[in-house]
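Examination of the molecular architecture
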Amino acid sequence: MATTPSSQPIVHLSNVDKDYKLGAVTVTALRQVSLEIAPGEFTVIAGPSGSGKTTLLNLIGCVDVATRGQVIVAGQDTGKLAEGDLTRLRLNALGFIFQSFNLVGVLDAFQNVEFPLLLQKKMNAAQRKERVMDLLNRVGIAEYAHHRPGELSGGQRQRVAIARALVTLPRIVLADEPTANLDSVTGNQILDLMQELNREGTTFLFSTHDPKVVSRAGRVVRLVDGRIVAEETAEQYQTRQA
Amino acid sequence: MILIHIALRNLLTHKVKSAIVGGLLVFAAFLIIVGLSLISSIDSSMSKSIVNSVAAHIQLQQKGAKDELSIFGQMGSNEIGYIHNFPEIRKALEALPEVAAVVPQGIDSSIVFGGNVLDVKLEALRNAVKAGDKIQTDVVRRHVRRMVALLDDELKNLKGFTDQEKMSDDMKSGLVDVTQANQPAFWDSFDQDPYSHLEFLENKIAKMAIGEDMLMLRYVGTDTERFRQVFDRFEMVDGTPIPPGQRGFLFNKFTYEEQVKHKTARRLDKIRDRLAEGAKVATDEEIKQWIKLNRTQYKEITFQLDDVATDAVKAALQAELASQETDLAKLVDAFMDVNDANFAKRYALFYKVIAPKIRLYGIRVGDTMTINGFSQSGYATTVNVKMFGTFRFHGLDRSTMAGAFNILDLMTYRDLLGYMTADKKAEIAKLQAESGVKELKRDSAEDELFGKGGGEVVEDTSDATPAQAAAATPTDAPAAATPTVVAAGNGGTGAKAFAKSLESHVYSQAEIDGGVIRNIAIMLKPGVDVKDGMIAVNRLIDENKFELKALDWRAASGLVGNFIGVIYAVLAFSIFIIFLVSLVIINNSLVMSTLERTREIGTMRAIGAQRTEILWMFVVEAFVMAIVFGAIGCAFGYGLVAYFGHFGLLAGNDFMVFLSGGPRFYPALPPWGLPVAMLAVMIVTLISTLYPAWLAMRITPLAAMQDSE
Ligand SMILES: Nc1ncnc2c1ncn2[C@@H]1O[C@H](COP(=O)(O)OP(=O)(O)O)[C@@H](O)[C@H]1O
Ligand SMILES: [Mg+2]
């Protein structure tokens, strides 16, 4: 797992541009972005709304491809992969946490967490159950295993989503503004959980526009108008904010 | 599998969509099940009606004939051709392992006069005179005299309306005869020479008599014995079957009741049946009409009663009506004015008191009846034949279609058909030229025989067998060649004796098989598929170069056989429409729900679900819908079919009786009904899922990322 520091970064971006074409107009959402994420990091992408955080995470998350430059995820150049291979890469190497949780409404917590394992088709039912329950325990909602998302609070749903992101033991978990739809107390609890999981070895890369959340990160990548303007530690960020 | 789970949960979650889609699928499955049950049950019961009454499984007719055989089709002689080599064909067919029996047939219609009451009374009078029974002679003579008086009245009436110039000489002299017979002098001298008086009445007056019903009878000329054995729906009602090898006629009970029965009695029967079905006299227009006819047609009864019977009926009616009325006509009129309250009593009284005194059936078991045919070449043929009894096709008692078929022996059938080969025609023409047609014109018998057509009443004997030749001996038949000559109806005593001798003549199987027929019915062995039977028969026809065309019962029965095809088409069309509508609606509602699920599907894609897995999810969902709702629909449909299959559905009319092969219709689901219904529902569901599934496959993982605030 990602605990052992490795010379090999999980994510490597070099001189990445991303253009969106809106008819005749081209919006450049990312410019000359270069970035490396090493195993074990707890990195935040900070920036105001519209600065390109989601765009950057989508490129790293293999749900979109760069217009120029290179995006290497788990050793694979995503620009050269076919649709099916990208999907497989997402399934096996990445975990996703969404701003609005995005659980499957008709499945209960257990089934939602189990879903990626079913797609992987690697485990039998007993193994799956063990893994799922282990994760539900770690995110603290094992008792709600058979509740459907509609019956859970926002924080509980995000915990289910975190468990789902981690269930395949991904190289990195990507979270686009994971606390934006939560009140600050619950948001803090979720960040506590993510930090705890990071200490246990999971690499996190998440985004936020909330300065209070930024302060929780180990490393801060500051994004303004699609450019990385600063790389700093949380301490540096805090002193600068102060 | 999680996909099934998601599919099921989706069904439960999206209630409106499920209700719409489910309702349609349930309805479609229901319709298919019920429709298939109806059709296959009608098909099999109708096939039994058709196959086991007249048509058998396969029919053969002459190849290249102008008209196609249409057994239950329209009346009248159609040009379906002739078959001459039946013995040879029969032998070949019976050697086939598929064939159980082969029956020669010919279907035709002819006119029969349904009993002349005066004729009957004259016979009674002759018997009374012969027996020397003074009292009986007196009673019957008075009745006959009254009938003659009535007849004279009617004819004088008629004379007032018709143009004298246009009347035939026969008619004119007939009128004079009747007037003469109505003179007191004629009756005063009766006792002095009863036989010559009787002769005069029999030969000159009876033919002028009114009240003769003209019946148009449809019959199957056939090997009666074999017919009886092969068609298992056939069963005797009254009388006896025609003895093997003999000439004879059997009435279908349905025709017999409908056409031969005394009109007043028949109308009373109909009123009884209608009331039994729950109708009321006051509200049923048809019952009212029948009652009115019974009252105005009182003569149907009074005409038939002699003095003794008149007194008895008067007394009974006076008692029933509590009336002092002495005019029988008025009594009958009042008696026939029935209502709901008194009908049952009067019906019983009619059958107890009046029916035994009248001629309840114009032609009775044991009577010799005269059939007036109209041969293919257009001249009249007349044959006397004995009526042995009545029969019915089991379960089809009430069917007009099956009920129209009476049965006639083949020898008589051929006489009526008057078919002959070109050789024979020439031979007859030559004979006639030699003997001189005029000389033969001795009486009406010969008139009929060698009338307008030029004496073409000769059977095809070109391939006469030794047995046939042997039959034509003077002892068996006074006339020249027994099976070849036809006896005439109203002929003199010579013709009657000749007819009698024909009646008792027993024909050999070779004679029966040897002549011309029109079509051949082939009954297959149990379990043999009609298609296989057709293949075998067609191969046999080819191998032997028979000039024959084979038709399965469906084709041979005419329009009725196609009826099932029409129902099939109607059902198929309505199912098609239902499916088309379902397709559009299901498709629409699935597209809507797919759009609603865009984020969810995008999330699945982001998490790592492949496009094909999304497709599978939709396919599984479609299958789950099809199975769940299809099963519900099938269950409903099956329930309905099973209910009626158990209790039966009353066949509303004659045609329905024929279709259901009995008075009640018992639908049953064919074994392949369920799979077909389920398959159809699945196909529809799958097709309606195609477009939404394609839309879903195009949803990208990005759909999961875009935040909806
Ligand atoms: N699908 C898109 N089409 C066109 N423009 C887009 C699209 N997604 C993002 N953008 C634009 O790219 C820029 C960066 O957006 P985004 O990555 O969503 O920023 P953030 O997540 O930091 O708010 C914005 O100007 C936005 O308008
Ligand atoms: Mg964003």
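Every value quoted in this text rests on a predicted model; they were computed, and no experiment measured them.

Another point: the overall build of chain B. Secondary structure assignment for chain B yields 31 helices and 12 strands. Here the contacts in chain B between residues at least 6 apart in sequence split such that 78% fall between residues at least 24 apart. If you sum the accessible surface of chain B, you get close to 32,300 Å²; carbon and sulfur atoms cover 60% of it.

Residues and elements named next belong to chain A. Taken N-terminus to C-terminus, the directions of helix H5 (residues 154-166) and helix H6 (residues 184-199) make an angle of 20 degrees; their axes are 10 Å apart at the nearest point. The angle between the axes of H5 and H6 places the two elements in the roughly parallel class. You can see that H5 and H6 cross each other, and the crossing is right-handed. Listed contacts from H6 to Gly-155, Gln-158, Arg-159, Ile-162 and Leu-166 of H5 are Thr-186, Gln-189, Ile-190, Leu-193, Met-194 and Leu-197. Its residues assigned to classes, the contact of H5 with H6 comprises 6 nonpolar, 4 polar and 1 charged.

What follows is about the interface of chain A and chain B. Contact residues are listed per partner, giving 26 residues for chain A and 23 residues for chain B. Summed over the three residues of chain A that lose the most area to chain B, namely Asn-102, Val-106 and Phe-115 of chain A, the buried surface amounts to 21% of that side. Taken together, the connections running from chain A to chain B amount to 2 salt bridges. Run the count over chain A and chain B and you get 8 residue pairs in polar contact (both at pLDDT 80 or more). Within the residue set of the side of chain A that touches chain B, elements represented by two or more residues are helix H2 (83-93) and helix H3 (109-120) of chain A.

Averaged over chain A, the pLDDT score is 91; the fraction of residues at 70 or greater is 97%. Low confidence marks residues 1-5 of chain A, where pLDDT is under 50. Its contacts with residues over four positions away, or in another chain, come to 10 contacts.

Moving on, we come to the sheet that holds strand E2 (residues 25-37) of chain A. All names here are of chain A. Spatial ordering of the open sheet is given by E2-E1-E4-E5, a layout of 4 strands whose pairing is antiparallel. Whereas interior strands pair on both sides, the edge strands pair on one side only; in this sheet they are E2 and strand E5 (76-77). With 9 bridges connecting them, strand E1 (residues 11-22) and E2 associate as antiparallel partners. Bridge assignment links Val-16 to a residue of E2, and that residue is Val-33.

Residue and element names in this part refer to chain A. Ordered by their spatial adjacency, 6 strands build an open sheet running E6-E7-E8-E3-E9-E10, and the pairing between neighbours is mixed. Lying at the two open borders of the sheet, with one neighbouring strand each, are strand E6 (94-97) and strand E10 (227-233). Pairwise comparison of adjacent strand axes, ignoring direction, gives a mean angle of 20 degrees for this sheet. With 4 bridges connecting them, E6 and strand E7 (residues 172-176) associate as parallel partners.

A word on helix H30 (residues 673-697) of chain B. Helical geometry note: an α-helix holds 3.6 residues per turn, so side chains three or four residues apart project in the same direction. Taking 1.5 Å per residue, 25 residues should reach 36 Å; H30 of chain B reaches 35 Å between its end C-alpha atoms and fits that length. The sharpest bend along H30 of chain B measures roughly 40 degrees and falls at Leu-690 of chain B, with the proline Pro-692 of chain B sitting one to four residues further on.

On to the environment of Asp-108 of chain B. Residue and element names in this part refer to chain B. Note that Asp-108 resides in strand E2 (residues 99-113). Take Asp-108: its relative accessible area is 9%, and that puts it in the buried class. Put simply, Asp-108 and Phe-374 are 266 residues apart on the chain and 9.5 Å apart in space, counted from C-alpha to C-alpha.

It is worth spelling out unusual backbone geometry at this point. The phi dihedral of Asn-15 of chain A is positive, around 50 degrees, even though this residue is not glycine. Within the element layout of this structure, Asn-15 of chain A appears in strand E1.

Once that is clear, we can look at the packing of helix H4 (residues 117-131) of chain B against helix H8 (residues 194-205) of chain B. How two helices sit against one another is set out by the angle between their axes and by the gap between those axes. All names here are of chain B. Where H4 meets H8, the axes come as close as 11 Å, and the angle between the chain directions of the two elements is 170 degrees. It follows that H4 is roughly antiparallel to H8 by the angle criterion. Two packed elements cross with a definite hand, and for H4 against H8 that hand is left-handed. Counting all contacts with H4, which are made through Leu-118, Leu-122, Leu-125, Arg-126, Val-129 and Lys-130, the residues of H8 involved are Pro-194, Tyr-195, Leu-198, Glu-199, Leu-201, Glu-202 and Ile-205. Each residue belonging to the contact of H4 with H8 can be placed in one class, and the counts come to 9 nonpolar, no polar and 4 charged.

Cut-offs used in this document
Residues numbered from 1 in each chain as written. Chains lettered and ligands numbered in written order. Predicted model: local features only at pLDDT ≥ 70, side-chain atom pairs only at ≥ 80, totals over all residues. Heavy atoms only, no water. Helix = DSSP H or I, 4+ residues; strand = E, 2+ residues; numbered from the N terminus. Contact = heavy atoms within 4.5 Å. Areas by Shrake-Rupley, 256 points an atom, 1.4 Å probe, with all protein chains shown as cover. Axes fitted to C-alpha atoms, helices over the stretch in contact; angles between N-to-C directions. Parallel < 35°, antiparallel > 145°, perpendicular 65-115°, else oblique. Left-handed = near helix turned anticlockwise from the far one by under 90°. Nonpolar A, V, L, I, M, F, W, Y, C, P; charged D, E, K, R; others polar. Buried area = accessible area lost by both parts, 1.4 Å probe. Salt bridge = Lys/Arg side-chain N within 4 Å of Asp/Glu carboxyl O. Polar contact = N/O pair within 3.5 Å; in protein donor to acceptor, adjacent residues only side chain to side chain. pLDDT = per-residue confidence, 0-100. Pairing = 2+ DSSP bridges. Expected span 1.5 Å × (residues − 1). Bend = angle between axes of the 7 residues up to and from the residue. Buried < 20%, exposed > 50% of the residue type's maximum accessible area, 1.4 Å probe, protein only.

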